[in-house]
Every structure is written in structure tokens, then in C-alpha cells.
Amino acid sequence: MSTDARRTALIVVDVQNDFCEGGSLAVAGGTAVAEGVTAYLRSAAGQSYAAVAGTRDWHIDPGTHFSDTPDYVDTWPRHCEVGTAGSASHPALDVSLVQTWFHKGEHAAAYSGFEGHAADGDASLAEWLRERGITAVDVVGIATDHCVRATALDAVAEGFGTRVLLHLTAGVSEQTTRAALEQLDAAGAELVGQVSSPKLES
């Protein structure tokens, strides 16, 4: 995979209040991910990316995605509803370092950032990346076993060289995170580091 920073973008997935400690669908280690991504973006390595995109769950009326009796597989407690504090990026994430935001899931379930559209227009994430000559992406964010997994799998499917920087992700559970990592590895994504979640042991 090409690691040429001039053609590599960073995708920051769903680092939002509802997915961090205290949120309606909190993932252990979410706040640490927000802090870690900001520190990384301020570092020399982070500043070398040709582009930085962020994704947000952005629910208006996603139908059966929400449930009062969620199974945590296909249905979930209410989260990231547009206009609520839970949908906002975590305050530890420096949003000024992200060039463009992509919203997903307004009226249906959506896990991958590639299912969304630019907050300021209709461009898809894949279109936005290609317009900038991007050929490879690094993926970070929340949660390793759900939206990070789906975004990275779609990045591979779209033909981008794909790395997941695991130390800048947090997984919901050990079992589902391990399954996600196996799926990502089989798809051809490069896994770098270890998931920063207290629920996952090496």
C-alpha cells in the first residue's frame, strides 16, 4: 500500500458525545480516542495528510434503527439525534483540524462514512477523496467493531489502500472487536497498533 502522505487522507469516524463516556451509547475509551486523535493531528505525522475528513452519525428519523428494546445488533437506543448535544463532536476533538464533515443515517441506518454526504453539499466521501487525488486512507474513531469497521471495509471496496490505526479507535466489546479485526484483515485492510479499549486484551 502506498504511504505517500501527499495522496493519503485521514478519516475520523464518529467521535461524538453520544459515543463517548456519558453519552447515550457510550464506548469505553471514547474520550481517550478524542484526545488521541487531536494529539495525532497536531503532530508531524498528522499534519502530513493531504486531506482530513470526519464522519458523524446524524439521525433525524432513522426508523427501526432506534428501539426502546434494542438488540445492539440491528437496533439501538436513541443516539446522535440532530440538534442534540449527543450529536456534536466530543469537545476533546479539535474540529478545526478536520476539513470536511460527512453526515450519515438521517433517515435510515448507516454505519459507513461512505454512505454519507458532505455536510455542506451532496458529495460522497469517495467522490471527495478522489477529487483530491487520494489513493490511500487511514481510519480512526469510534467504534472499532461498528462504524470504523464499516468505513474501512468500504474504503477497501472503493479501491483505496486502507489502514486502521487501532490505537486511535475504541471497541464496544472484545468479541465483536476481534471479529471485526479478522474481517478487516481478510478484506485487505492493514491493522496498525492495538485497540485502545479497556475491554479488549491482547
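To be clear, the structure that these remarks concern was listed above.
The numbering scheme is per chain: residues are counted from 1 as the chain's sequence reads. At least 70 in pLDDT is required for a residue's local features to be given in this predicted model, at least 80 for side-chain atom pairs to be given and counted, and no such filter applies to totals for whole chains, interfaces and linings, which use all residues. Remark: hydrogens and water are excluded; side-chain values derive from all non-hydrogen atoms of the structure.

Visitor: For this particular structure, what's the right way to read the packing of aromatic side chains?
Guide: Pairs of aromatic rings are described using the distance from one ring centre to the other and the angle between the two planes. Between the rings of Phe, Tyr and Trp (Trp by its six-membered ring), a pair exists once the centres lie within 6.5 Å; its type follows the angle of the planes, with under 30 degrees stacked, over 60 edge-to-face, and the other angles tilted. If you walk through the whole model with that rule in mind, you get four aromatic pairs. Aromatic pair Tyr 72 and Trp 76: ring centres 5.9 Å apart, planes at 90 degrees, arrangement edge-to-face. The classification of residues rests on relative accessible area computed with a 1.4 Å probe and restricted to protein chains. Under 20% of the type maximum is buried, over 50% is exposed, and intermediate values are partly exposed. Taking the relative accessible area as the measure of exposure, Tyr 72 reaches 47% and is therefore partly exposed. A relative accessible area of 7% means that Trp 76 is categorised as buried. Between the aromatic rings of Phe 102 and Trp 128, the centroid separation amounts to 5.7 Å while the plane-to-plane angle is 75 degrees, which identifies the pairing as edge-to-face. With Phe 102 in strand β3 (residues 100–104) and Trp 128 in helix α3 (residues 125–131), the pair connects residues that are 26 residues apart, well separated along the chain. Whether a charge lies above a ring is judged from NZ of Lys or CZ of Arg, which has to be within 6 Å of the ring centre and within 35 degrees of the ring normal. Between the NZ or CZ atom of Arg 56 and the centre of the ring of Trp 101, over which it lies, the distance is 3.8 Å. A run of H or I in DSSP becomes a helix once it reaches four residues, and a run of E becomes a strand once it reaches two; helices and strands are each numbered from the N terminus.

Visitor: Teacher, can you tell me more about the state of the cysteines here?
Guide: When two cysteine sulfur atoms are found within 2.5 Å, that pair is recorded as a disulfide. Enumeration over the complete set of coordinates arrives at zero disulfides. Cysteine Cys 20 is unpaired, with the sulfur of Cys 80 as its nearest cysteine sulfur at 9.3 Å. Under the relative-accessibility criterion, Cys 20 is labelled buried at 0%. Residue Cys 147 stays outside any disulfide, its sulfur separated by 8.7 Å from that of Cys 80, the closest cysteine. Given the relative accessible area of 7%, Cys 147 is considered buried.

Visitor: How do you make sense of unusual backbone geometry when you look at a structure like this?
Guide: Only a minority of non-glycine residues have a phi that is not negative, and only a minority of peptide bonds are not trans. A cis amide bond links Ile 142 with the next residue in sequence, Ala 143, at an omega value of -10 degrees. Its location among the elements puts Ala 143 in the loop between β5 (136–142) and α4 (144–157). A positive phi is found at Asp 14, a non-glycine position, where the angle reads about 50 degrees. If you trace the backbone, Asp 14 turns up in the loop between β1 (8–13) and α1 (30–42). Residue classification places Asp 14 among the buried positions, given a relative accessible area of 0%. Residues other than glycine seldom take positive phi values, yet Tyr 72 does so here, at roughly 60 degrees. Checked against the element boundaries, Tyr 72 lands in the loop between β2 (51–57) and β3.

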